Amino acid sequence: MEPFALLIAASLNAGTVLAIAALGLLINEKVGVVNLGAEGLMLCGALAGFATVVHLGAYPLGFLAGMAVAALLSLVFGWLVIYLNTNQYATGLALSLFGAGLSAFAGQPYTQYKLPELASPHVPLLGDLPLLGVALFRQHFLVYAAVALALALIWFFDRTRTGLVLRSVGENPESAHALGYPVRRIRLLAVVVGGALCGLAGAYVSTVYTPLWAEGMIAGKGWIALALTTFATWRPARVLLGAYLFGGVTMLQFHLQGMGVQLPSQFLSMMPYVATVVVLVLISRSPLWIRTHMPQSLGKPFYPGS
């Protein structure tokens, strides 16, 4: 049972990266903005977090640095797509390419560093339980923070006035504007917050998940996080479930290799991406299901007074 517990623990760890980033993108899409730049944001957040920990030795500051850099880039993205009404998809792709190039260039001096692996956290008493202790209660605090964030967003979107306003901006921005709500400012704030969460996910990758810096180390996780929002039909709880599902698929390849399963390494490496495509294809078989749950203004510009 020990290998099974280790697989669950590794899946939670890997899924946390996807969960934090996908929840950030969910906030963006709830207000009608599609941000295809998640990969670039995570790369820049990863570099900023890693460099901060290298120079200052403080992991919390590394997380904050990753969030700050990604939030700044998201602010520029939001200004372009919300106030200048540039195409959201093209601008997001440009952000992704820019983030990848910037992080590769600025990160060259840091490829020689490697952070020490952190000691495994241990929840008192619960961490000593057989099977469950190893699987669930020896995780980094951000694993639990991701679960708390998902629960908080469920409450925020469904039970608070601010959350309902935010949803109305994504469903019908013209009506929200007619009622006096600053649609553009609300969208910009949501984009910045969502981008900051992508940066946090990136910083987690470079400082905790794999404590080193390498060019392109996010390796498509931003795109999987983007797909997760559709997979989850824009619901936080399903985002969390999907993130751990894909995290499990990602870690399964390493456990199969460790068990001596004779499969080509290339086949195992492509499993998470194949799973992403298969899930999206299955969901897309029902366009009505997508239209029913998707924010109605998703990807569309807003023109005040139109």
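Residues numbered from 1 in each chain as written. Predicted model: local features only at pLDDT ≥ 70, side-chain atom pairs only at ≥ 80, totals over all residues. Heavy atoms only, no water.

Participant: What exactly am I supposed to notice about the overall build of the protein here?
Facilitator: Scanning the protein for helices and strands turns up 14 helices and 0 strands. Taken from the N to the C terminus, the helices and strands of the protein come in the order α-α-α-α-α-α-α-α-α-α-α-α-α-α. At 19 Å, the protein has a C-alpha radius of gyration in line with the 19 Å of a compact globule built from 306 residues. Along the first, second and third principal axes, the C-alpha atoms of the protein reach 60 × 45 × 40 Å. Here the protein holds 306 residues, and 52% of them are scored as buried. The contacts of the protein with a sequence gap of at least 6 include a subset with a gap of at least 24, amounting to 78%. Carbon and sulfur atoms form 71% of the exposed surface of the protein, whose accessible area is close to 14,400 Å². Positive and negative charge centroids in the protein, built from 15 and 9 side chains respectively, lie 12 Å apart. (Helix = DSSP H or I, 4+ residues; strand = E, 2+ residues; numbered from the N terminus. Rg over C-alpha atoms; globule rule 2.2 N^0.38 Å. Buried < 20%, exposed > 50% of the residue type's maximum accessible area, 1.4 Å probe, protein only. Contact = heavy atoms within 4.5 Å. Areas by Shrake-Rupley, 256 points an atom, 1.4 Å probe, with all protein chains shown as cover. Lys, Arg positive; Asp, Glu negative; His and termini not counted. Charge placed at Lys NZ, Arg CZ, Asp CG, Glu CD.)

Participant: Just checking my understanding: could you explain the packing of aromatic side chains for this structure?
Facilitator: Working definition: an aromatic ring pair is given by the centre-to-centre distance plus the angle between the planes. With the rule as written, the count across this model stands at 4 aromatic pairs. Centroid distance Phe63 to Phe141: 6.2 Å. Interplanar angle 65°. Geometry classified as edge-to-face. You can see Phe63 sitting in helix α3 (residues 59-83) and its partner Phe141 sitting in helix α6 (residues 141-159), a full 78 residues away along the chain. For Phe63, a relative accessible area of 6% puts it in the buried group. The side chain of Lys30 reaches across the aromatic face of Phe157, ending 5.2 Å from its centre. (Phe/Tyr/Trp six-rings, centres within 6.5 Å; stacked < 30°, edge-to-face > 60°. Lys NZ or Arg CZ within 6 Å of the ring centre and 35° of its normal.)

Participant: Looking at this structure, how should I read the packing of helix α2 (residues 38-56) against helix α4 (residues 88-106)?
Facilitator: How two helices sit against one another is set out by the angle between their axes and by the gap between those axes. Packing of α2 against α4 brings their axes to within 7 Å, and their N-to-C directions diverge by 25°. Between α2 and α4, the angle is such that the two are roughly parallel. Between α2 and α4 lies a crossing of left-handed hand. Of α4, the residues touching α2 (which contributes Glu39, Gly40, Leu41, Leu43, Cys44 and Leu47) are Leu95, Ser96, Gly99, Ala100, Leu102, Ser103 and Ala106. Among the residues making up the contact of α2 with α4, the classes are represented as 8 nonpolar, 4 polar and 1 charged. (Axes fitted to C-alpha atoms, helices over the stretch in contact; angles between N-to-C directions. Parallel < 35°, antiparallel > 145°, perpendicular 65-115°, else oblique. Left-handed = near helix turned anticlockwise from the far one by under 90°. Nonpolar A, V, L, I, M, F, W, Y, C, P; charged D, E, K, R; others polar.)

Participant: Honestly, the environment of Leu7 in this entry has me stumped. Any pointers?
Facilitator: Tracing the backbone through its elements, the reader meets Leu7 in helix α1 (residues 2-30). For Leu7, a relative accessible area of 19% gives the class buried. Leu7 sits 81 residues away from Gln88 along the chain, and the two C-alpha atoms are 38 Å apart. Excluding its chain neighbours within four sequence positions, the residues that come into contact with Leu7 are Met251, Leu252 and His255.

Participant: What is the right way to look at helix α7 (residues 161-171) in this model?
Facilitator: At 3.6 residues per turn, the α-helix brings residues three or four places apart onto the same side. Buried within α7 are the following residues: Gly163, Val165, Leu166, Val169 and Gly170. Within α7, the buried residues cover an arc of 160° as seen down the axis, which keeps them to one side. (Arc of directions from axis to C-beta.)

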